[in-house]
Amino acid sequence: MENILLTIMKLSLFETLCVTGSLILIGIILGFIENRSNFYIQSVFGMKGIMITAWIGTPIHELGHLLMCYLFKHKVNEFKLFRLRPRDGVLGYVNHSWNQKSLYQNIGNFFIGMGPIFSGTFSLILGMYLFLPDSFATFANYLTLGSGQLDSRTLSSIFVLTAQLFKSIFSAENLVSPGFWIYFALAIGISSHIALSKEDLKGAGRGLITIFTFILLVNVIALILNADFSSFFTGILALNVYLLAFSMVSVVFSSIRLVLSAFVYALVSSIM
């Protein structure tokens, strides 16, 4: 009996990662990149350097939270998409409440916390469609990832397609196009504020615990009824593969910002 319970726990943990793994991984990567970038920028320019991109990045970040609140039927008590003169350093916020007894709303906490990844990535893809249609056509190759299984071959394909996308965006034709420079400025601003705050992660953590508990209960019931829900989680894993691929656009531009900010920091430090 003990072995069976341990197996169910391990299976539930794996399936929880199938549902949430890509978002968590992307959040960790973007958080690390943004923290380092902000360190370099604030060291050189102070808070004014952050505000240069905040006017576009912060509203899109907060819209991610706000739209997820509505999707998961949370009550939005108050929100500010952007504060021009924040006294406490908070550039924007969404204050929401929910029914503690609602499974759906409790699970929603995870996706509300992760909302900026959705809104930021969607905005970058939309901007590419509007300003760089040829690059968007290259991006569409992500839809050919095949089976949706998250294995070494799929991960290799994601990185290859990301390299192709990067090459397409920074092609010679694009570099002389006004549309490229408009998109580049917007993309840097958006990617600068996709990463999740401590409050975002705290809220997402509440939802993650609920998701794991729900999946654990489903597996216990499946054991009792001798049912099989593995195909459902296989489908969720396939969606995670595409989410990971699409979010590489956010990682690319966040990385570009990191390189640029590190270069400026090193240049200023060498002069001083």
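Here the structure is a predicted model, which is why all the values come from computation and not from measurement. (Residues numbered from 1 in each chain as written. Predicted model: local features only at pLDDT ≥ 70, side-chain atom pairs only at ≥ 80, totals over all residues. Heavy atoms only, no water.)

Novice: Please set out the overall build of the protein residue by residue, giving values where relevant.
Specialist: Each helix and strand in the protein was counted, giving 10 helices and two strands. When its helices and strands are written in sequence order, the protein yields α-α-β-β-α-α-α-α-α-α-α-α. Split into buried and exposed, the 272 residues of the protein put 47% on the buried side. Sequence-distant contacts, at least 24 apart, represent 79% of the contacts inside the protein between residues at least 6 apart. Only carbon and sulfur atoms are counted for the fraction: they give 69% of the accessible area of the protein, which is about 15100 Å². (Helix = DSSP H or I, 4+ residues; strand = E, 2+ residues; numbered from the N terminus. Buried < 20%, exposed > 50% of the residue type's maximum accessible area, 1.4 Å probe, protein only. Contact = heavy atoms within 4.5 Å. Areas by Shrake-Rupley, 256 points an atom, 1.4 Å probe, with all protein chains shown as cover.)

Novice: Break down the environment of Met68 for me, citing the residues and quoting the values.
Specialist: Its place among the elements puts Met68 in helix α2 (residues 47-71). Its relative accessible area of 14% is what places Met68 among the buried residues. Sequence-wise, Met68 and Gly115 are 47 residues apart; in three dimensions their C-alpha atoms are separated by 6.2 Å.

Novice: Describe in detail the packing of α2 against helix α4 (residues 115-131), supporting the description with residues and values.
Specialist: Put simply, α2 and α4 touch, their axes get as near as 7 Å, and they point 120° apart. It follows that α2 is oblique to α4 by the angle criterion. α2 and α4 meet at a crossing whose hand is right-handed. Along the contact surface, α2 presents Ile60, His61, Gly64, His65 and Met68, while α4 presents Gly115, Pro116, Phe118, Ser119, Gly120 and Ser123. (Axes fitted to C-alpha atoms, helices over the stretch in contact; angles between N-to-C directions. Parallel < 35°, antiparallel > 145°, perpendicular 65-115°, else oblique. Left-handed = near helix turned anticlockwise from the far one by under 90°.)

Novice: Describe the environment of Ser12, with residues and values.
Specialist: Tracing the backbone through its elements, the reader meets Ser12 in helix α1 (residues 2-45). Sequence separation of Ser12 and Asn219 is 207 residues, and the distance between their C-alpha atoms is 7.0 Å. Beyond its immediate stretch of four places on either side in the chain, Ser12 contacts Phe212, Ile215, Leu216 and Asn219.

Novice: Provide a residue-level description of the layout of surface pockets, including the pertinent values.
Specialist: Taken as a whole, the largest pocket encloses approximately 1000 Å³ of empty space. Around the largest pocket, the lining comprises 37 residues; the ones closest to its centre are His61, Leu196, Ser197, Lys198 and Asp200. Listing elements by their share of the lining of the largest pocket, those giving two or more residues are α1, α2, β2 (93-97), α3 (103-113) and α9 (198-225). (1 Å grid on protein atoms, 1.4 Å probe; cavity = no way out; pocket = protein on both sides within 12 Å on 5 of 7 lines; lining within 4 Å. Points joined across faces, edges and corners; volume = space filled by probe spheres on them.)

Novice: Now, about the nonpolar core: what can you tell me, with residues and values included?
Specialist: One finds Phe111, Met128, Tyr183, Val249 and Phe253 to be the most contacted residues of the largest nonpolar core, which totals 50 residues. Where this core is concerned, the elements lending two or more residues are α1, α2, α3, α4, α6 (152-169), α8 (178-191), α9 and α10 (230-271). The element contributing the most residues to this core is α10, with nine residues. Not counting chain neighbours up to four residues away, the residues in contact with Met128 comprise Pro133, Ser135, Phe136, Phe139, Leu165, Ile169, Tyr183 and Val249. Membership of the second largest hydrophobic core comes to five residues, among which are Ile50, Met51, Ala54 and Leu91. (Core = buried A, V, L, I, M, F, W, Y, C linked by side-chain atoms within 4.5 Å.)

Novice: Which residues make up the packing of aromatic side chains, and what values do they have?
Specialist: By the definition in use, this model includes 15 aromatic pairs. Relative to Phe136, the ring of Tyr129 has its centre 5.2 Å away and its plane inclined at 75°; by these criteria the two rings are edge-to-face. When its relative accessible area of 48% is taken as the criterion, Tyr129 is described as partly exposed. On the basis of relative accessible area, Phe136 is assigned to the partly exposed category, the value being 25%. Among the aromatic residues, those joined into a cluster by ring pairs are Phe166, Phe170, Phe180, Trp181, Tyr183, Phe184 and Phe253. (Phe/Tyr/Trp six-rings, centres within 6.5 Å; stacked < 30°, edge-to-face > 60°.)

Novice: So what's going on with the side chain of Ser191? Residues and values would help.
Specialist: Structurally, the position occupied by Ser191 is in helix α8. Within the structure, Ser191 has its side chain in polar contact with the backbone oxygen of Ile188 (distance 3.2 Å). Discounting chain neighbours no more than four positions away, the residues touching Ser191 are Glu34, Ser250, Phe253 and Ser254. (Polar contact = N/O pair within 3.5 Å; in protein donor to acceptor, adjacent residues only side chain to side chain.)

Novice: An account of α3 is needed here, citing residue identities and associated values.
Specialist: Among the 11 residues that make up α3, nine are buried, leaving the element largely enclosed by the rest of the structure. When α3 is considered as a whole, its buried residues turn out to be Gln105, Asn106, Ile107, Gly108, Asn109, Phe110, Phe111, Ile112 and Gly113.

Novice: Describe α8, with residues and values.
Specialist: Here α8 is 14 residues long and its end C-alpha atoms lie 20 Å apart, about the 20 Å a rise of 1.5 Å per residue gives. Residues of α8 that are buried include every one of Gly179, Phe180, Tyr183, Phe184, Ala187, Ile188, Gly189, Ile190 and Ser191, and no others. (Expected span 1.5 Å × (residues − 1).)

Novice: Give a detailed account of a nonpolar patch on the surface, specifying residues and quantitative values.
Specialist: On the surface, a nonpolar cluster with roughly 390 Å² of combined accessible area is contributed by Leu63, Leu67, Tyr70 and Phe79. Among the elements that take part in the nonpolar patch, α2 stands out by supplying three residues, more than any other. For Phe79, the position within the fold is in strand β1 (residues 75-80). With relative accessibility at 36%, the residue Phe79 sits in the partly exposed group. (Patch = residues over 30% accessible without salt bridge, like charges linked within 9 Å, V, L, I, M, F, W, Y side chains within 5 Å. Salt bridge = Lys/Arg side-chain N within 4 Å of Asp/Glu carboxyl O.)

Novice: Please set out unusual backbone geometry residue by residue, giving values where relevant.
Specialist: Notably, Lys73 is not glycine yet its phi reads approximately 60°, a positive angle. If you trace the backbone, Lys73 turns up in the loop between α2 and β1. By relative accessible area, Lys73 is classed as exposed at 62%.

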